[in-house]
Amino acid sequence: MTTPLRLGIAGLGTVGVGVVKIVRQKANLLAARTGRPVVITAVSARSRDKDRGVNLNDYAWEDDPVALAKRDDVDVFVELMGGHEGPAKDAIEAAIASGKDVVTANKALLAHHGQAIAEAAEDAGRVVRFEAAVAGGIPVIKSLTEGLAGNDITRVMGVMNGTCNYILTRMQDAGLPYEEVFAEADALGYLEADPNLDVGGIDAGHKLSLLSSIAFGTQVDFDGVELEGIQRISIEDIKQAEDLGYKIKLLGVAQMSGRGLEQRMSPCLVPADSPLGQLKGGTNMVVIEGDAVEQVVLRGPGAGEGPTASAVMGDVCDIARGLRISTFGAPAKGLQKAKTAKSNSPAAFYLHLTLLDRPGALAKIATVLGENGISIDRLRQTRHDDANAPVLIVTHKTQRSAIDTAIDAMAETGVMVGAPVALRIESV
Ligand code: NAP
Ligand code: HSE
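All of these numbers come straight from a predicted model, not from anything done at the bench.

**Q** Sorry if this is basic, but what is going on with the site of ligand 1 here?
**A** Around ligand 1 sit 23 residues in total, of which L12, V15, S47, R52 and G304 are the nearest. At a separation of 2.7 Å, an oxygen atom of ligand 1 approaches a polar backbone atom of S47. Expressed as a share of its isolated accessible area of 900 Å², the protein-covered part of ligand 1 is 79%. Of the pockets mapped on this structure, ligand 1 occupies the largest pocket.

Now the structure itself:
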């Protein structure tokens, strides 16, 4: 009989229960695929009495996840609690120090402490795997670290937060305002405990920073991600974008330019008939471009019990098979510190302004754009009943810095009401 791989699972919520179910229900399949039994020896969560819908009687219980991480009968510490400080961090550090491999779904923790954790694992000769942390059930980490290892990666982009994609597509399909769909998403349990992690683009920014590290051989640089959420996207923007042949998506883009690493997570217009434009609901999509492969598009469920547990088990099976890959696909101490570059590659922009409806107002805005070298491609003033006129402008290609300077100057004209919405039109 070959030696079993023994898991200690900390966190028995959505993902943890999904992992327990797979280990219990697919014991034969897992043993056949990896060549050894995969078993759970111990578990931990906050409440021992909670009915989780799975039988946990066969496993030792630890109230303290750090104690679980140190147990002699655990080979792999599976961290499924969440949070970028506190118990998750303490327990992962304890697991590595105690000679355990680690599997985690915790994007926030790795976005903040990934480099230190990867170096600690390297020093201890352990592996830390995190497929479930990015794009749920899509094997994107495996694709980047293994399948595409022979490529210089030129760009990684995608939709990596299912909740935002649900909100934006539901607004589009039902014609409902942001506030109403946000409340719906809340009632359906789609939002993180702190909803700003989703709608503020932070969760997706965490994921993008992890992909960037693997793609470009740099240390994780979450602080270098330019973040903008979807909170200011109105149903009017969605309708106008559709009329122009676009969909609005919370899109992450990471690329290395001569100036450094550009990472941005922001709502963008993408062509309605593109694969990204057609992405619906909680589905995620990651597009990877490499010099040899050209373009690979990965699409799948971005969250939920089954898809996320599937990704966790992919990592567990790799460890059971003896596959030892550096956390970010290359030795941690060889990763370069990222040189952050503000993204400024030229693009057309969609501007939604509200102007006082009075003579010369539009002329003032057109003058500001002209003074900043921004040429207008299309312009529309929509129907309105009050003193404020909604104006939509699509620019020719320009740089974000020119748009920002122009927006500052528009505020000085005295004809603007509130701040404009400025969205990049992304070629995908
Ligand atoms: P969840 O449903 O909220 O479950 C969290 C679990 O952790 C609960 O069982 C909780 O115990 C336990 N826990 C929290 N603090 C603890 C502590 N101090 N000591 C011991 N146990 C503790 O979370 P989840 O949705 O499964 O997410 C888990 C991780 O996966 C997070 O990092 C999340 O970002 C990531 N993730 C989730 C999804 C998804 O679709 N849900 C997708 C991708 C990644 P109690 O049950 O007793 O309260
Ligand atoms: N809040 C995340 C999302 C969960 O909506 O994509 C999966 O990481």
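**Q** What should I look at first to understand the packing of helix α5 (residues 107-124) against helix α10 (residues 202-216) in this one?
**A** In helix packing, the relevant descriptors are the interaxial angle and the interaxial distance, both defined with respect to the helix axes. Two numbers describe how α5 lies on α10: the axes approach to 9 Å, and their chain directions differ by 55°. Classed by the angle they form, the pair α5 and α10 counts as oblique. Relative to α10, the crossing made by α5 is left-handed. Judged by residue contacts, K107, A108, L110, A111 and H112 of α5 engage D203, H206, K207, S209 and L210 from α10.

**Q** I tried to follow a negative patch on the surface on my own but got confused; where do I start?
**A** Taken together, the side chains of D63, D64, E85 and D90 define an acidic patch exposed on the protein surface. Its place among the elements puts E85 in the loop between β4 (76-79) and α4 (87-97).

**Q** Is there a simple way to think about the sheet that holds strand β2 (residues 38-44) in this case?
**A** In a beta sheet, neighbouring strands pair by backbone hydrogen bonds and run either parallel or antiparallel. Spatially, the six strands line up as an open sheet ordered β3-β2-β1-β4-β5-β6, and their pairing is parallel. Since the sheet does not close on itself, it has two edges, and those belong to β3 (60-62) and β6 (128-129), each with one partner. Examined bridge by bridge, strand β5 (residues 101-104) and β6 share two bridges and lie parallel to one another. Across the sheet, residue V103 finds its bridge partner in β6, namely R129.

**Q** Just to check I follow, could you spell out helix α6 (residues 140-147) for this structure?
**A** Structurally, the α-helix is built with 3.6 residues per turn, so residues lying three or four positions apart point the same way. Those residues of α6 not exposed but buried are V140, I141, S143, L144 and T145. Among the structural elements, β7 (153-159), α10, β11 (283-290) and β12 (294-301) are those in contact with the buried residues of α6.

Rules used throughout
Residues numbered from 1 in each chain as written. Chains lettered and ligands numbered in written order. Predicted model: local features only at pLDDT ≥ 70, side-chain atom pairs only at ≥ 80, totals over all residues. Heavy atoms only, no water. Near = heavy atom within 4 Å. Polar contact = N/O pair within 3.5 Å; in protein donor to acceptor, adjacent residues only side chain to side chain. Areas by Shrake-Rupley, 256 points an atom, 1.4 Å probe, with all protein chains shown as cover. 1 Å grid on protein atoms, 1.4 Å probe; cavity = no way out; pocket = protein on both sides within 12 Å on 5 of 7 lines; lining within 4 Å. Sits in = over half its atoms within 2 Å of the grid points. Axes fitted to C-alpha atoms, helices over the stretch in contact; angles between N-to-C directions. Helix = DSSP H or I, 4+ residues; strand = E, 2+ residues; numbered from the N terminus. Parallel < 35°, antiparallel > 145°, perpendicular 65-115°, else oblique. Left-handed = near helix turned anticlockwise from the far one by under 90°. Contact = heavy atoms within 4.5 Å. Patch = residues over 30% accessible without salt bridge, like charges linked within 9 Å, V, L, I, M, F, W, Y side chains within 5 Å. Salt bridge = Lys/Arg side-chain N within 4 Å of Asp/Glu carboxyl O. Lys, Arg positive; Asp, Glu negative; His and termini not counted. Charge placed at Lys NZ, Arg CZ, Asp CG, Glu CD. Pairing = 2+ DSSP bridges. Buried < 20%, exposed > 50% of the residue type's maximum accessible area, 1.4 Å probe, protein only.

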